[in-house]
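# Structural overview for review
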Amino acid sequence: MPVINFLLDSEKIEFTCDSGTNLMEAVVEAGIELKAVCGGAGSCGKCQVIVKEGEVNQLAQGSLSPDKLKQGYVLACQTEVIEDVRIEIPPESRLSEHQIFVAEEAEDEELLTEKEIQIAEKIELDPLYKRVDLELDEPTLVNNASDLDRLYTGLNQRHDWPGLTTSLSVMEDLASHLRDNNWQTQVSLALANDNYEVSELNAPDYEQPDYGIAVDIGTTTMVLELINLETGESVATSGLYNKQGRYGDDVIGRINYAKQNDDGLDKLHQAVIDTINELIDDVVNKESIDYADIKTAVFAGNTTMSHLFLGIDPNNIRLEPYIPTVNFIPPLQAEELGIKIKEEGWIHYLPGVSSFVGGDITSGVLATEIGKREEITLFIDIGTNGELVLGNQDWLITCSCSAGPAFEGGGIEYGMRAMSGAIEFFEIDEDTYEIKYSTINARPPIGVCGSGLIKLIATLNEVGIINRSGKFESDFEHERLREREYETEFVLVWEEQAGIDEDIVITENDIKNLLRSKGAIYAGIRMMLQNMSLTEDFIEEVLVAGGFGNYINIDDAKKIGLLPDLPNDKFKFVGNTSLKGAKMSLLSKEKFDQVNEIANKMTYLELSAEDQSQEFMDEFVSAQFIPHTDLSLFPSVTETNSDD
Ligand code: FES
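No experiment lies behind these values; they were computed from the predicted model shown. (Residues numbered from 1 in each chain as written. Predicted model: local features only at pLDDT ≥ 70, side-chain atom pairs only at ≥ 80, totals over all residues. Heavy atoms only, no water.)

Take the overall build of the protein next. A count of helices and strands for the protein gives 16 helices and 32 strands. Taken over the C-alpha trace, the protein has a radius of gyration of 27 Å; the compact-globule value for 644 residues is 26 Å, and the two agree within 12%. Taken along the three principal axes of its C-alpha coordinates, the protein extends 100 × 65 × 45 Å. Counting every position in the protein, which comprises 644 residues, the buried fraction comes to 58%. Across the protein, contacts joining residues at least 24 apart in sequence account for 67% of those joining residues at least 6 apart. On the protein, roughly 27,200 Å² of surface is accessible, and the fraction owed to carbon and sulfur atoms is 44%. (Helix = DSSP H or I, 4+ residues; strand = E, 2+ residues; numbered from the N terminus. Rg over C-alpha atoms; globule rule 2.2 N^0.38 Å. Buried < 20%, exposed > 50% of the residue type's maximum accessible area, 1.4 Å probe, protein only. Contact = heavy atoms within 4.5 Å. Areas by Shrake-Rupley, 256 points an atom, 1.4 Å probe, with all protein chains shown as cover.)

By domain assignment, the protein separates into domain 1 (3–93), domain 2 (129–202), domain 3 (209–349), domain 4 (365–400 + 514–635) and domain 5 (406–508). Each of domain 4 and domain 5 was reduced to a C-alpha centroid, and the two centroids are 28 Å apart. With 25 residues of domain 4 at the contact, the number on the domain 5 side is 23 residues. Taken together, both faces of the contact between domain 4 and domain 5 bury some 1,900 Å²; the carbon and sulfur share is 66%. Where domain 4 packs against domain 5, one counts two salt bridges. For E462, the salt bridge is made with K559, and the minimal N-O distance between the two is 2.8 Å. Considering each element in turn, the side of domain 4 that touches domain 5 owes the most residues, four residues, to helix α11 (residues 508–531). Here the residues of the side of domain 4 that touches domain 5 sort into 13 nonpolar, nine polar and three charged. (Domains from an automatic or database assignment. Buried area = accessible area lost by both parts, 1.4 Å probe. Salt bridge = Lys/Arg side-chain N within 4 Å of Asp/Glu carboxyl O. Nonpolar A, V, L, I, M, F, W, Y, C, P; charged D, E, K, R; others polar.)

Taken as a whole and judged by the stated rule, the model has ten aromatic pairs. Measuring from ring centre to ring centre gives 4.7 Å for Y247 and Y257, while their planes differ by 35 degrees; the resulting arrangement is tilted. One end of the pair, Y247, is in the loop between β16 (234–241) and α5 (251–260); the other, Y257, is in helix α5, with ten residues separating them in the sequence. A relative accessible area of 10% places Y257 in the buried class. Ring centres of F616 and F620 lie 6.0 Å apart, and the angle between their planes is 5 degrees; on these two criteria the pair is classed as stacked. Taken together, the residues span about one helical turn, with F616 and F620 both in helix α15 (residues 610–622) at a distance of four residues. Like F620, F616 is buried. Aromatic rings pair up to connect Y433, F472, F476 and F490 into one cluster. The positively charged end of K68 is found above the aromatic ring belonging to Y73, 4.8 Å away from the centroid. Between the NZ or CZ atom of R150 and the centre of the ring of W183, over which it lies, the distance is 6.0 Å. (Phe/Tyr/Trp six-rings, centres within 6.5 Å; stacked < 30°, edge-to-face > 60°. Lys NZ or Arg CZ within 6 Å of the ring centre and 35° of its normal.)

Turning next to a negative patch on the surface. Together, E427, D429, E430, D431 and E434 make up a region of like negative charge exposed at the surface. Along the chain, D431 falls in the loop between β23 (422–428) and β24 (435–439). On the accessibility criterion, D431 (69% relative accessible area) is exposed. (Patch = residues over 30% accessible without salt bridge, like charges linked within 9 Å, V, L, I, M, F, W, Y side chains within 5 Å. Lys, Arg positive; Asp, Glu negative; His and termini not counted. Charge placed at Lys NZ, Arg CZ, Asp CG, Glu CD.)

Counted by the stated rule, this structure contains zero disulfides. With no disulfide of its own, C401 has C399 as its nearest cysteine by sulfur position, at a separation of 5.8 Å. Note on C401: relative accessible area 4%, which makes it buried. (Disulfide = S-S within 2.5 Å.)

Turning our eyes to something else, we now look at the nonpolar core. One finds F490 and L492 to be the most contacted residues of the largest nonpolar core, which totals 78 residues. In terms of residues, this core owes the most to one element, α11, which gives ten residues. Built from parts of two domains, this core gets at least three residues from each of domain 4 (365–400 + 514–635) and domain 5 (406–508). If near-sequence neighbours (up to four positions away) are discounted, L492 is found in contact with F426, I435, V448, L456, R480, I504, V505 and I506. Core analysis: the next-biggest nonpolar cluster, separate from the first, contains 53 residues, L229, I361, A582 and I598 among them. (Core = buried A, V, L, I, M, F, W, Y, C linked by side-chain atoms within 4.5 Å.)

A word on the sheet that holds strand β8 (residues 85–88). The sheet built from five strands is open, its strands ordered β2-β1-β8-β4-β6 with mixed pairing. Strands with a single pairing partner mark the edges of an open sheet, and in this sheet they are β2 (11–16) and β6 (73–75). The sheet shows a mean angle of 35 degrees between the axes of neighbouring strands, taken without regard to direction. Across six bridges, the pairing between strand β1 (residues 3–8) and β2 is antiparallel. (Pairing = 2+ DSSP bridges. Axes fitted to C-alpha atoms, helices over the stretch in contact; angles between N-to-C directions.)

Right under this line is the structure:
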């Protein structure tokens, strides 16, 4: 059997496999996280590794340049292992450990940083799992109710708990527990299906705190917060890449993977459960608590994530008329799903609205309280699905404009997520075309993240390197601009300064993809406004959610036509509202009920429906210019450009 030696920076991993094993599968089995934007279809070119020693069987070479082929680069997903090999995994092909960004202290008013957040976090504590102290009357020949009835009566004297239920394990111990503790007890009540369940009995002096977890299941990254349910305090946070990334970068890629592979759905389901359990391991170790001390959990994620989390076939999500199996998910017990908290602990998944507007968005609406305000607010999630919500206390309309993963680095040759070594800021000298940039954690650059890409497009246009349709200006000449195969590209960082062994470039095709993404978002905003017969002036506040960088430069986002041309003080960056809403729901039954009301209240606008699609297409085409074909929509941008 062939032995593979994987080389990662200073680490070596040895792995034995059968002859003919797909190299990508071997990488995954060996526990190495590799980028696989297309889910192994051979089209994204992100899974590049270098064969240092030994022969492999290459099924396809994709768009690997002749230069790279000479150096031994192969696409892992298109390669079979037939003999002993040494394989180097270059850093740019790896999904390095996810970092949770803390917004930098930026003094600049043009930057949207998360410190401006104004989320209603002050909630009245009424968690989905709580303890009640009880002192019961001792039974007599006259007062001869059963132990369980006695317990229910005691509970109902304190508070009205309609539909109380009790687990078998509690009933088994009930008689001796009450007698051993002299009819004094601490009863733990867990929210199950709209009613409470007596889930534990403890001695009156029991003091170990109860914990809950709030989890945001993002397509790309997952974040978990461990919360003390008595105090409401967040005691530990942990974040990781969603391990499903190895089967495709976006939801459609993963749905296809589940469809095309016999065990695809199982693998995707297991990957998300494994990621969650790893996050749980992390916080349990950090706080030295027991898994069983975590009593309940609230999850938020998009509709595809909810289906894969449950292990339900997501295929209909992507087929017309786009019907999910479930929007309102009944609570399930941790054991059923293999989540490593208290085995009978209840798992709640926040409700979705449609196939492309899920629990992460209803959670965001809860956290930002858009549905309680008088003023009209626009909520934008700049991610692959590009979900948008517009409304106020009277109405809420939502759509998903399929922005694509460009601002998260997908489909962009040197695009990447916001992590160490990602360029997040550019400056180009108008005369010399000298480029200054800064990277996350000040590491040598290996690619460009979302905030860097916004800045880059705005700057390239401003200094006259690209025109309003995103094409390189025909009369622009400089050594940085060059032809390669069928493409024109512009060098951002020369190899000598880069953290990888090649120049970092932006191609005309990359720019087209970015303009398509930003065009989709802007067109979605216009469609919602038109459906409500409103104009942009009616928008009182714009809340931008999403985790693609430390900050967004609002002026740049307006310059390229990603965000509407409204005064800067109307914008707020609200960060990960999916996680915030999940936490609020965990700590407050009232908020938990509200998110269900929100999901019921939101009207979903299907942009591909017959009566909308032509109009959306028109809007989309017009929005693929910098900033737009209709310059009157961007008066402030046009003003500053007037001397062009
Ligand atoms: S080319 Fe291998 S995962 Fe996309």
